[in-house]
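The residues making up each chain are set out below.
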Amino acid sequence: MFFDRIEAAPADPILGLTEAYKKDPRTDKANLGVGVYQNEEGKTVVLDCVKEAEKRLLVAETSKSYLPITGLPEFGLYARELVFGKDSELVSGGRAISCHCPGGTGALRIGCDFIHQQNLSTTIWISDPTWANHYQIATSAGLKFERYPYYDRVNHNLAFDKMMETLSQAKEGDVVLLHACCHNPTGIDPTHEQWIMIAKFLSEKKLLPFLDFAYQGMGHGLEEDAYGVRTIAKYNREFLVSSSFSKNFGLYSERSGVLTIVSSDVETSERVLSQVKIAIRTAISNPPAHGEKIVTTVLGDEHLRAKWEDELKAMRDRIKHMRAMLSEKLKASGAGDFDFIVKQNGMFSFSGLDKEQIEMLKTEYGIYAVGSGRICVAGLNAKNIDHVVNAITEVISKTKKK
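Residues numbered from 1 in each chain as written. Predicted model: local features only at pLDDT ≥ 70, side-chain atom pairs only at ≥ 80, totals over all residues. Heavy atoms only, no water.

Visitor: Could you clarify how one ought to interpret the packing of aromatic side chains in this entry?
Guide: The geometry of an aromatic ring pair is captured by the separation of the ring centres together with the interplanar angle, meaning the angle of the planes. What the rule picks out here adds up to ten aromatic pairs. Measuring from centroid to centroid gives 5.5 Å for Phe245 and Phe249, while their planes differ by 90 degrees, and the two rings are edge-to-face. Neither Phe245 nor Phe249 differs from the other in exposure class; each is buried. Across from the ring centre of Tyr135, 4.6 Å away, lies the NZ or CZ of Arg147, which sits over that ring. We note Arg374 situated over the ring of Phe348; from NZ or CZ to the ring centre the distance is 3.9 Å. (Phe/Tyr/Trp six-rings, centres within 6.5 Å; stacked < 30°, edge-to-face > 60°. Buried < 20%, exposed > 50% of the residue type's maximum accessible area, 1.4 Å probe, protein only. Lys NZ or Arg CZ within 6 Å of the ring centre and 35° of its normal.)

Visitor: Can you help me understand the pairing of strand 2 (residues 96-102) in this one?
Guide: Within a regular strand, the side chains alternate between the two sheet faces. In terms of burial, strand 2 is a largely internal element, six of the seven residues being buried. Sheet analysis places strand 2 next to strand 10 (residues 256-262), joined by seven bridges and oriented antiparallel. Following the sheet pairing, Cys101 is matched in strand 10 by Gly257. (Helix = DSSP H or I, 4+ residues; strand = E, 2+ residues; numbered from the N terminus. Pairing = 2+ DSSP bridges.)

Visitor: Help me understand the sheet that holds strand 7 (residues 175-179) in this model?
Guide: Hydrogen bonds along the backbone pair up the strands of a sheet, which may run parallel or antiparallel. In space, the seven strands of this open sheet follow the order 2-10-9-8-7-3-4, with mixed pairing throughout. Sheet topology places strand 2 and strand 4 (144-149) at the edges, where each strand pairs with a single neighbour. Geometrically, the sheet is characterised by an average inter-axis angle of 25 degrees between neighbouring strands, direction not taken into account. Alignment of strand 8 (residues 208-213) against strand 9 (residues 239-244), held across four bridges, turns out to be parallel. By the bridge assignment for strand 9, Asp212 is matched with Ser242. Each of strand 3 (123-128), strand 4, strand 7 and strand 8 is contacted by helix 6 (residues 133-140), which is oriented at about 175 degrees to strand 3, the strand it contacts most. Each of strand 2 and strand 10 is contacted by helix 10 (residues 266-283), which is oriented at about 10 degrees to strand 2, the strand it contacts most. (Axes fitted to C-alpha atoms, helices over the stretch in contact; angles between N-to-C directions. Contact = heavy atoms within 4.5 Å.)

Visitor: Is there a simple way to explain the pairing of strand 3 in this structure?
Guide: Counting buried residues in strand 3 gives five out of six residues, a clear majority hidden from the surface. Two elements, strand 3 and strand 4, share six bridges in a ladder whose sense is parallel. From the neighbouring strand, Thr123 faces strand 4, where its bridge partner is Lys144. As paired elements, strand 3 and strand 7 share two bridges and run parallel to each other. When the sheet's bridge partners are listed, Ile124 is paired in strand 7 with Val175.

Encoded structure:
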């Protein structure tokens, strides 16, 4: 037999957690491991601007034919405008090419495939901690990975000095993967001054930046969250960006991601595009259309664009409100000082809870979170936050006594 010796793989740490949560019969359970935005009712809804765009598409659509290998040209154009700013020469100057990929994950994978297939590098440096799938994507594409320290667990901030010291060991030509904003899982981002230092360092060391930009607009705003990418662009002539519309458009199931590659000149960019097309063709042939057309419709219409930005702001403001509420309630309950949660950005927070405490939250209180201590702040709401706070307080008290 061919398959009888195959061993069962361990469950995905996040998707497996969601499955366990669904099977839990407790009515006061809470899923803080989920990687999607949820509203005050705990639902991941379709944005109004998306619904309106879909209505227009349904009426106007005349064909389900294949898209070009790299997607619609206007989709790439709008994506670059968001990433670099409408007035940037990288939007339409020819140095940057953009390709529609199946979600941010697809963009990361196609980017790594391109790096490996073109023998640009053999090693990619990835933050520790990071989104766990980063490691698997890199190795599946044929790259080796090294880790650089990122999070100071004692002070709940960026371990910047250790990060830069470790990256100084990277060899010329190595790739460095950076979270552009709303770092997953810590929620801690470099300051503006640190971004400038990082950008200059990468240029001087001749390292290739690869930015994972999955949460634009979920931290401080569309323009504010792009500071890191634009700073990298200021000091580095060549780099890659994986951006996603899953979170900021709520298009999780539509798999609408973009890989943008910036080259030193237009001629090089054209050759890069020819090779990226081959990487895409062999991986997925052609990209999916529906999500791409939604984004293009919204961003190409003044009314829908304004509605999208309002809805995105509402999501961002709710996350910030839940951060503040969680910190205040934990302090009031005697759990300790959790002010660092307010300083973090985006949907995720490193709570500071250890594996034992996370397991106790799940087993005794029906509160599900990733073993690293990462919680999804968007999973909190007025109905479950008091239960979550009481549970965390009791768990901290119980583990202190041991």
